Amino acid sequence: MSRQKVFNLIGLAARARKITTGEELVLGAIRNGSARVVVLSNDASANTADKMKNKCSHYGIPLHEFGSRCELGHAIGKEARVVVAITDSGFAKKLSSLLREQEEE
């Protein structure tokens, strides 16, 4: 139930044009400070996962591992996506709280 809420919120952020997807674009968003929260798929390669974790911890941006690349892509109406950055603080705050709930279950 709350898994679907997370994907719905990511989709809503996508329609509001408040997301960045794709490894290089997300790394750019992390560097320039526009990324508020980063969602990494559970099936991301070890190399990509390490890169994202290092960048996020260096810049102090919350990172959550959630869903598969297909689920993330589907949520934003695109092909499979390994990483998504939310650039709006309102969406990011709500998404972080939903993801924390999910991790506690």
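Here, every reference points to the structure presented above.
Quick summary incoming for the structure in this document.

From N to C terminus, the protein includes five helices and four strands. Along the protein, helices and strands appear, N-terminal first, in the series α-β-α-β-α-β-α-β-α. The C-alpha atoms of the protein give a radius of gyration of 12 Å, which matches the 13 Å a tight globule of 105 residues would have. Counting only C-alpha atoms, the protein reaches 30 × 30 × 25 Å along its principal axes. Buried positions account for 43% of the 105 residues belonging to the protein. Surface summary for the protein: the accessible area is close to 5800 Å², and the carbon and sulfur share equals 48%. Within the protein, the 12 negative side-chain charges are centred at a point lying 8 Å from the centre of the 16 positive side-chain charges.

What follows deals with the packing of aromatic side chains. Counted according to the given criterion, the structure contains one aromatic pair. Summarising the aromatic geometry, the rings of phenylalanine 7 and phenylalanine 66 are spaced 5.1 Å apart at their centres and angled 40 degrees between planes, so their arrangement reads as tilted. Remark: phenylalanine 66 occurs in the loop between β3 (63-65) and α4 (69-75) and phenylalanine 7 occurs in helix α1 (residues 2-15); sequence separation between them is 59 residues. According to the relative accessible area criterion, phenylalanine 7 is buried, its value standing at 9%. For phenylalanine 66, a relative accessible area of 5% gives the class buried.

Another point: the pairing of strand β4 (residues 83-86). Neither face of β4 is open: one carries Val83 and Ala85, the other Val84 and Ile86, and all of them are buried. Note: strand β1 (residues 19-21) against β4, three bridges, orientation antiparallel. Counterpart to isoleucine 19 in the pairing with β4 is isoleucine 86. Of the pairings in the sheet, the one linking strand β2 (residues 37-40) to β4 comprises four bridges and is antiparallel in character. If you follow leucine 40 over to β4, its bridge partner there is valine 83.

Here we come to the packing of α1 against helix α5 (residues 89-104). At their nearest, the axes of α1 and α5 sit 10 Å apart, and the two run at 160 degrees to each other. As judged from the angle between their axes, α1 and α5 are roughly antiparallel. Of the two possible hands of crossing, α1 and α5 adopt the one that is left-handed. Residue-level inspection shows Ser2, Arg3, Lys5, Val6, Leu9, Ile10, Leu12 and Ala13 of α1 in contact with α5, the latter providing Phe91, Lys94, Leu95, Leu98, Leu99 and Gln102. The class makeup of the residues in the contact of α1 with α5 is nine nonpolar, two polar and three charged.

Definitions and cut-offs
- Residues numbered from 1 in each chain as written.
- Predicted model: local features only at pLDDT ≥ 70, side-chain atom pairs only at ≥ 80, totals over all residues.
- Heavy atoms only, no water.
- Helix = DSSP H or I, 4+ residues; strand = E, 2+ residues; numbered from the N terminus.
- Rg over C-alpha atoms; globule rule 2.2 N^0.38 Å.
- Buried < 20%, exposed > 50% of the residue type's maximum accessible area, 1.4 Å probe, protein only.
- Areas by Shrake-Rupley, 256 points an atom, 1.4 Å probe, with all protein chains shown as cover.
- Lys, Arg positive; Asp, Glu negative; His and termini not counted.
- Charge placed at Lys NZ, Arg CZ, Asp CG, Glu CD.
- Phe/Tyr/Trp six-rings, centres within 6.5 Å; stacked < 30°, edge-to-face > 60°.
- Pairing = 2+ DSSP bridges.
- Axes fitted to C-alpha atoms, helices over the stretch in contact; angles between N-to-C directions.
- Parallel < 35°, antiparallel > 145°, perpendicular 65-115°, else oblique.
- Left-handed = near helix turned anticlockwise from the far one by under 90°.
- Contact = heavy atoms within 4.5 Å.
- Nonpolar A, V, L, I, M, F, W, Y, C, P; charged D, E, K, R; others polar.

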